[in-house]
Amino acid sequence: MMSESSDVSNAVSSVKPATSYISTLLTEPIKLRVGKQGASAIEPQSIPQFFHESCARHAEKPAFVYANDPKDPNTAWTTISYQQYQRNVKQTALMLLHVGLQPRTSVCVLAFNCPEWFYAEFGALCANGVVSGIYPSSSPESVEHVLATSQATVCVVDDAAQMAKVRQVKDNLPLLRAVIQLHGPFEDFIGTEEGYYRWEDLFALKFDSALSDELARRESTVGANECAVLIFTSGTTGLPKAVMLCHDSVLMNAKIIDTGISDIRKEAEVTVSYLPLNHIAAQIFDGYMGLDNGSCIYFADRDAMKGTLVKTFLKARPTCLFGVPRVFEKMQERLKQVTANSSTFSRSAMEWARRVTLAYHQNKTGHPLKFWLASKITNQVKVALGLDRCRWRITGGAPVSTELKEFFTSLDMPLFEAYGLSEVGGAAVINRDIGNLKSCGKAFDGVEIKINEPNEDGHGEICLRSRSTMMGYLNEVEKTAEVLKEDGWFHTGDLGYVDEDGNLLITGRIKELVITAGGENIPPVHVENLVKAELPCVSNALLVGDHRKYLSILLTLKTDMDPHTGLPLDTLHSDTISWLQNLGFKYSLLSEVLNIPADVSALDDANILVQPDAKIVAEIDAAIKRANTRALSNAQKVQKFALLPHDFSIPTGELGPTLKSRRKVILEKYATVIERIYK
Ligand SMILES: Nc1ncnc2c1ncn2[C@@H]1O[C@H](COP(=O)(O)OP(=O)(O)OP(=O)(O)O)[C@@H](O)[C@H]1O
């Protein structure tokens, strides 16, 4: 619990005088909620101070390992020490000043994870700038929205494709002085036309002492209570808003997690950076916890989220890992597929090992010898995934099913579930009790939980308060006031309750609740998971029923994915093929199953009429009926379903960049399909 807060303005040199705990301006510092004991009593620091201290502490240790050609992991790999990291950040800070970075404006980074992402981030922060990531999958319009909102004076882009997006909108952005491209090939205008640069050209420049003095002067003016990082929400529930996190809140979050996961080993952890770095979880886990602990970060290649991640795991053999649930779900799908294709003996051995391991972890009563024998089998899975050294795995950022946690526990790779949001600076709650798969655990030291207006069962809106809560939404006074007050309680929009042991359980999201015509509030994820559990051929399920008399569900069948474009393919996934084989069908293409033209994902013909065989329809109906027997109430029973013409994906718009379903987008896109259901 947090002790009484106090205003520490002026108490420490890097904390600037402030009058409020809330701000929506890049130029306005806030009061810090410094407590008197525990984590919230840690002395405030600016990120540059923390960065230099961390690099000095771990100077000789490896900070980064990366493939020399980011597009080809088969090229040679380079290792960078913390000392070199610090030197590279200084050079980048000078580069940013040279090309025109203005104080209290942003450097936006539109790139896949790479060392330069961090050089740009910490360089910008040392030069008294603000940093903001842009999802590489963004359209030119979204790129413009982020550059304009964040008041960017510099933008760092990955390659020619990202450069083209910025060039298309640059004339609308009078503040934007420089666009720097990291990787070739380069168009002719780069390096010749004003404001366009190659990273390597700038990085090779020698700057004079006057610029170094300017950098030192800028750095001395950085306030720990001023905005450092802007996180744009992914827009699952509306237009992206820019969450403002001050230096102190970012560092606090990394430190409370470090303390909460007590067995992090200093200078001995290895991890893989692959989740988009403009997401708060990747920022905290790769960037800030990495620095705090002197960890070694391997960079995954740009196709990581499309299936190449395991290759990087096999190279890095990470000792710790953070993944959104979808990442673990993909691993689970692959493992189930390998097991299904193995001999009867191997399958039985694996099933036995998983049963023994799960019982051992859950009841803590299993037989140690049996567990040891089982570990010989589960270890083969870990080795195949490159996770044999991995001591802890955290998942969060989206709802996690109990089944997923149980699956990984049974393979002796328990997942710690974390809960948090961009607005609270990262994670607020974690569950380290692997015997309890239902909750997402207890608040980190320094974080308070309150359930607002609880009903008779104690269920209500989850509110959080801590020193790492955001300053506000940039330039959005009203939207900030809707969720955050001077008393510090942030209204998350999530629903849940705290059980008698102090564990938080999340039951849904207010904005995502399906409210039927009868007025029942249905948390969709729970219902969707029940249906998915009955249908191994289903990749995604989305509940429909707002203002309707009954619930229905949209389903996509599992198909393969194009590893280069991320588009769903027409070829069926082996789970779907086996499921269909059990029904007597020998299909290998989705278009055959649905009786539609091939390649609808490319045509993106969302409303095409699908006509699967009556036997398939009957089988899905039966599965939904089975799922309904486990529904929490009659109102939560699904009556009808529709198969969609292709799986959800990032490029076709149904998934956000962290693979979370964009409900509003999906409901709009498939409006005709939904109307057909309720006709
Ligand atoms: N362990 C968890 N269980 C259930 N839901 C979770 C968990 N962790 C995070 N979430 C969900 O993710 C949300 C926060 O996600 P994040 O801050 O990444 O927002 P976003 O997806 O970028 O933006 P948007 O608000 O547009 O969805 C939470 O409000 C909650 O609904």
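Residues numbered from 1 in each chain as written. Predicted model: local features only at pLDDT ≥ 70, side-chain atom pairs only at ≥ 80, totals over all residues. Heavy atoms only, no water.

A short note on the overall build of the protein chain
What the protein chain contains, in helices and strands, is 22 helices and 28 strands. A compact globule built from 679 residues would reach a C-alpha radius of gyration of about 26 Å, and the protein chain, at 25 Å, matches this within 12%. Seen through its principal axes, the protein chain has C-alpha atoms that stretch 75 × 60 × 55 Å. Buried positions account for 59% of the 679 residues belonging to the protein chain. Sequence separation of at least 24 residues holds for 67% of the intrachain contacts in the protein chain that already meet a minimum separation of 6. Summed over its atoms, the accessible surface of the protein chain is roughly 27,400 Å², and 51% of this surface lies on carbon and sulfur atoms. (Helix = DSSP H or I, 4+ residues; strand = E, 2+ residues; numbered from the N terminus. Rg over C-alpha atoms; globule rule 2.2 N^0.38 Å. Buried < 20%, exposed > 50% of the residue type's maximum accessible area, 1.4 Å probe, protein only. Contact = heavy atoms within 4.5 Å. Areas by Shrake-Rupley, 256 points an atom, 1.4 Å probe, with all protein chains shown as cover.)

Comments concerning helix H1 (residues 47-57)
Looking at H1, one finds that the buried residues are Ile-47, Pro-48, Phe-50, Phe-51, Ser-54 and Cys-55. Down the axis, H1 shows its buried residues gathered within 160 degrees of arc, on one side only. (Arc of directions from axis to C-beta.)

Brief notes about the side chain of His-279
Here His-279 shows up in the loop between strand S10 (270-273) and helix H9 (280-293). A relative accessible area of 13% places His-279 in the buried class.

Quick word on the domain arrangement of the protein chain
When cut into domains, the protein chain gives domain 1 (58-222 + 266-305) and domain 2 (514-677). Taken residue by residue, the interface counts six residues in domain 1 and six residues in domain 2. Summed over both sides, the interface of domain 1 with domain 2 buries roughly 530 Å², with 68% coming from carbon and sulfur. At the junction of domain 1 with domain 2, the criterion picks out zero salt bridges. For the pair domain 1 and domain 2, the interface holds zero residue pairs in polar contact (both at pLDDT 80 or more). Taken together, the residues of the side of domain 1 that touches domain 2 sort by class into three nonpolar, two polar and one charged. (Domains from an automatic or database assignment. Buried area = accessible area lost by both parts, 1.4 Å probe. Salt bridge = Lys/Arg side-chain N within 4 Å of Asp/Glu carboxyl O. Polar contact = N/O pair within 3.5 Å; in protein donor to acceptor, adjacent residues only side chain to side chain. Nonpolar A, V, L, I, M, F, W, Y, C, P; charged D, E, K, R; others polar.)

Comments concerning the nonpolar core
Among the nonpolar cores identified, the biggest contains 130 residues, and Phe-64, Tyr-85, Phe-122 and Tyr-288 are the most heavily contacted of them. With nine residues, the single largest contributor to this core is helix H2 (residues 82-99). Ignoring sequence-local partners within four residues, the contact set of Phe-64 consists of Thr-78, Thr-79, Ile-80, Tyr-85, Pro-115, Phe-118, Tyr-119, Ile-297 and Phe-299. Counting 34 residues, the second largest nonpolar core, distinct from the first, contains Val-34, Leu-110, Val-130 and Leu-176. (Core = buried A, V, L, I, M, F, W, Y, C linked by side-chain atoms within 4.5 Å.)

Description of the packing of H1 against H2
The description of two packed helices rests on the angle between their axes and on the distance between the axes. Running from amino to carboxyl end, H1 crosses H2 at an angle of 145 degrees, the nearest separation of the two axes being 8 Å. Crossing of H1 over H2 shows left-handed handedness. Side by side, H1 and H2 meet where Phe-51, His-52 and Cys-55 of the first sit next to Tyr-82, Tyr-85, Gln-86 and Val-89 of the second. (Axes fitted to C-alpha atoms, helices over the stretch in contact; angles between N-to-C directions. Left-handed = near helix turned anticlockwise from the far one by under 90°.)

What about empty space enclosed by the protein?
Rolled over the atoms, a probe sized like a water molecule indicates the empty space that remains. Counting across every chain of the model gives six cavities of 30 Å³ or more. Taken as a whole, the largest cavity encloses approximately 120 Å³ of empty space. If you trace the largest cavity, you find 14 residues lining it, with Tyr-21, Arg-33, Ser-466, Thr-469 and Met-470 closest to the centre. When grouped by side-chain class, the residues that make up the lining of the largest cavity number seven nonpolar, three polar and four charged. (1 Å grid on protein atoms, 1.4 Å probe; cavity = no way out; pocket = protein on both sides within 12 Å on 5 of 7 lines; lining within 4 Å. Points joined across faces, edges and corners; volume = space filled by probe spheres on them.)

Structural notes on the sheet that holds S10
Taken in spatial order, the four strands of this open sheet run S2-S1-S11-S10, and their pairing is mixed. The open sheet has two edge strands with one neighbour each: strand S2 (77-81) and S10. Strand-to-strand twist across the sheet, computed as the mean angle between neighbouring axes with direction ignored, equals 20 degrees. Where strand S1 (residues 62-67) lies against strand S11 (residues 296-299), two bridges are found, and the strand directions are parallel. Looking at the pairing, Val-65 lines up with Tyr-298 of S11. Each of S1 and S2 is contacted by H2, which is oriented at about 85 degrees to S2, the strand it contacts most. (Pairing = 2+ DSSP bridges.)

Examining the packing of aromatic side chains
Counted under the stated rule, the structure contains 24 aromatic pairs. Ring centres of Phe-64 and Phe-299 lie 5.2 Å apart, and the angle between their planes is 75 degrees; this geometry places the pair in the edge-to-face category. Of this pair, Phe-64 sits in strand S1 while Phe-299 sits in strand S11, and the two are 235 residues apart along the sequence. Take Phe-64 and Phe-299: they sit in the same class, and that class is buried. The positively charged end of Lys-615 is found above the aromatic ring belonging to Phe-585, 5.9 Å away from the centroid. (Phe/Tyr/Trp six-rings, centres within 6.5 Å; stacked < 30°, edge-to-face > 60°. Lys NZ or Arg CZ within 6 Å of the ring centre and 35° of its normal.)

Some words on the environment of Asp-487
Here Asp-487 lies in the loop between helix H15 (477-483) and strand S20 (490-498). A relative accessible area of 39% places Asp-487 in the partly exposed class. When sequence neighbours within four positions are dropped, the list of residues in contact with Asp-487 reads Arg-33 and Arg-465. Of the polar contacts made by the side chain of Asp-487, one reaches the backbone nitrogen of Trp-489; its length is 3.0 Å.

A closer look at unusual backbone geometry
Cis geometry is found at the peptide bond from Gly-184 to Pro-185, where omega equals 0 degrees. Mapped onto the elements, Pro-185 comes out in the loop between strand S6 (178-181) and strand S7 (196-198). In the Ramachandran plot, Asn-128 falls in the positive-phi region, its phi being about 60 degrees despite a non-glycine side chain. With respect to the helices and strands, the residue Asn-128 is situated in the loop between helix H3 (115-126) and strand S4 (130-133). What makes Asn-128 buried here is its relative accessible area of 6%. Of note in the backbone geometry, Asp-412 takes a positive phi value of approximately 65 degrees without being a glycine. Relative to the helices and strands, Asp-412 resides in the loop between helix H14 (402-410) and strand S14 (415-421). Owing to a relative accessible area of 16%, Asp-412 belongs among the buried residues under this scheme.

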